[in-house]
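Coordinates in review
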Amino acid sequence: MNERILIIEDDEAIVKVLRRALMMENYQVDVAYDGESGLTMVRERQPDLIILDLMLPGMDGIEVCQRLRATGNIPILVLTARDALQDRIEGLDAGADDYMVKPFELGELLARLRALLRRTQQERAVVLTFADLTLDTNTRQALRKGRTINLTAKEYDLLELFMRHPRQVLTRELIFDRVWGYDFGGESNVLDVYIRYLRQKLEAQGEKRLIHTVRGVGYVLREIP
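Described below are features of the structure shown in this document. Residue positions are given per chain, counting from 1 as you read along its sequence in written order. Per-residue local features of the predicted model are confined to residues with pLDDT of at least 70, and side-chain atom pairs are confined, for both listing and counting, to 80 or more; whole-chain, interface and lining totals are unaffected and use all residues. Based on all heavy atoms of the structure, the side-chain values leave hydrogens and waters out of the count.

1. Regarding the overall build of the chain
By the criteria applied, helices consist of DSSP H or I runs no shorter than four residues and strands consist of E runs no shorter than two, each listed in order from the N terminus. For the chain, the count of helices and strands is eight helices and 12 strands. Taking the principal axes of its C-alpha atoms as reference, the chain extends roughly 65 × 35 × 30 Å. The classification of residues rests on relative accessible area computed with a 1.4 Å probe and restricted to protein chains. Under 20% of the type maximum is buried, over 50% is exposed, and intermediate values are partly exposed. The buried share of the chain, taken over its 225 residues, is 46%. When the accessible surface of the chain is split by element, carbon and sulfur atoms take 47% of a total near 11,700 Å². All accessible areas in this document rest on Shrake-Rupley with a 1.4 Å probe, and a residue is counted as covered only by the protein chains that are shown.

In structure tokens, the structure reads:
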């Protein structure tokens, strides 16, 4: 899955430069122009990394950073014109993982993003478990009751998404964004086909169904007694 980056920045010229550069690097990009909408977008889009300005309208970047850090560990790179030492200290103390000052070199910014994402991927390389199903995110191997399940790349991405969000209803739009990187449109049955493939493999020996349809919304990974 291509990593998703959220830019929280109110300067449209900087947003334009960042969006173009990130998309050329094959990142998925979302943009919020103020802190409140940025926090909402984090909940809805589940980005892999956030580029955050400190001087935002309404809620400032320090408060946004503190709120983000109170609820999760998404990497945050602060990108701001505030260059005083005390500003850097305040930003890092609020929970930022890195701090860059405007004007900035695009190459350095991209390198810092890659470093943060590499670190996060290493931290996230764990064995996920749900019921009798396990998924090793390092070897990309799935097991159910000790039985090896051979998955295609897209089937693996789909299963990993479900296992990182167990019991959470995932909308079709969210799944398309996270697994395929764009919206196929409401008429597409590609997702339904992949869900069927995945169910067939997970239930090949008569095991209980774990991926359930939430009619009109999407799908959920959960146990049904």
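Past the structure itself, the notes keep going.
2. Some thoughts on the pairing of strand β5 (residues 98–101)
Look at any regular strand and the pattern is simple: side chains alternate between the two faces of the sheet. Burial along β5 is two-sided: D98 and M100 facing one way and Y99 and V101 facing the other are all buried. We call two strands paired when DSSP finds no fewer than two bridges between them. By the bridge criterion, four bridges tie strand β4 (residues 76–80) to β5 in an arrangement that is parallel. Note on β5: the bridge partner recorded for L79 is M100.

3. A word on the pattern of salt bridges
Side chains that differ in sign of charge can pair as their charged atoms come close. For this analysis, a salt bridge means a side-chain nitrogen from Lys or Arg found within 4 Å of a carboxyl oxygen belonging to Asp or Glu. Taken as a whole and judged by the stated rule, the model has 20 salt bridges. Here R82 ties to E90 by a salt bridge, and the two come within 3.4 Å at their closest N and O atoms. For R209, the salt bridge goes to E203, with nearest N and O atoms at 2.9 Å.

4. Some words on unusual backbone geometry
It is generally the case that most residues other than glycine have a negative phi and that most peptide bonds are trans. Backbone torsion omega between K102 and P103 reads -5°, so that peptide bond is classified as cis. If you trace the backbone, P103 turns up in the loop between β5 and α5 (106–124). Here R140, not a glycine, exhibits a phi torsion of approximately 60°, which is positive. By the element assignment, R140 lies in the loop between β7 (133–136) and β8 (141–144). The phi torsion at R167 lies on the positive side, around 65°, for a residue other than glycine. Assignment of secondary structure puts R167 in the loop between α6 (153–164) and β10 (170–171).

5. Focus: the nonpolar core
Think of a nonpolar core as a cluster: buried Ala, Val, Leu, Ile, Met, Phe, Trp, Tyr and Cys residues, connected wherever their side-chain atoms sit within 4.5 Å. Among the nonpolar cores identified, the biggest contains 26 residues, and L158, L159, F162, M163, I175, L191 and I211 are the most heavily contacted of them. Elements supplying a minimum of two residues to this core: β6 (127–130), β7, α6, α7 (172–180), α8 (190–202) and β12 (218–221). Considering every element that reaches this core, the biggest residue donor is α6, with six residues. Core analysis: the second largest hydrophobic core is formed by 20 residues, L6, A32, L39 and I76 among them.

6. Topic: the packing of aromatic side chains
What describes a pair of aromatic rings is the distance from one ring centre to the other and the angle between the planes of the rings. Ring pairs shown here join Phe, Tyr and Trp side chains whose ring centres sit within 6.5 Å, with only the six-membered ring taken for Trp; geometry is labelled stacked below 30 degrees between planes, edge-to-face above 60, and tilted in between. Under the counting rule described, the total for this entry stands at one aromatic pair. Seen in terms of ring centroids, Y194 and Y197 are 5.9 Å apart; in terms of plane orientation they differ by 75°. Their pairing is edge-to-face. Within this pair, Y194 and its partner Y197 are both found in helix α8, separated by three residues, close to a single helical turn. Judged by its relative accessible area of 22%, Y194 falls in the partly exposed class.

7. Thoughts on the sheet that holds β4
With respect to topology, five strands assemble into an open sheet ordered β2-β1-β3-β4-β5, the strand pairing being parallel. If you trace the sheet from one side to the other, it starts and ends with β2 (28–32) and β5, each paired once. Strand after strand, the sheet turns through a mean of 20° between neighbouring axes, direction not considered. Against the sheet, helix α3 (residues 61–71) engages β1 (4–8), β3 (49–52) and β4, with an angle of about 165° to β3. To obtain each axis, a line is fitted to C-alpha atoms, and for helices this fit is confined to the stretch in contact; angles are then taken between N-to-C directions over 0 to 180 degrees. Working rule for contacts: check all heavy atoms of both residues, and any pair within 4.5 Å makes them a contact.

8. Focus on the side chain of R147
One can find R147 in strand β9 (residues 147–149). Here R147 falls in the buried class, since its relative accessible area comes to 15%. Any N or O atom pair separated by 3.5 Å or less is treated as a polar contact, with the protein-specific requirement of one donor-capable and one acceptor-capable atom, and with residues adjacent in sequence counted only for side-chain atom pairs. Among the polar contacts made by the side chain of R147, one reaches the main-chain carbonyl oxygen of L202 at a distance of 3.3 Å. Those residues in contact with R147 that sit more than four places away from it in its chain are A142, K201, L202, E203, A204, Q205 and E207.

9. As for the environment of R140
Look at R140 and you get partly exposed, because its relative accessible area is 42%. Taking the C-alpha atoms as reference points, R140 and V127, 13 residues apart in sequence, are found 9.3 Å from one another. Setting aside chain neighbours within four positions, we find R140 in contact with A153, Y156 and D157.

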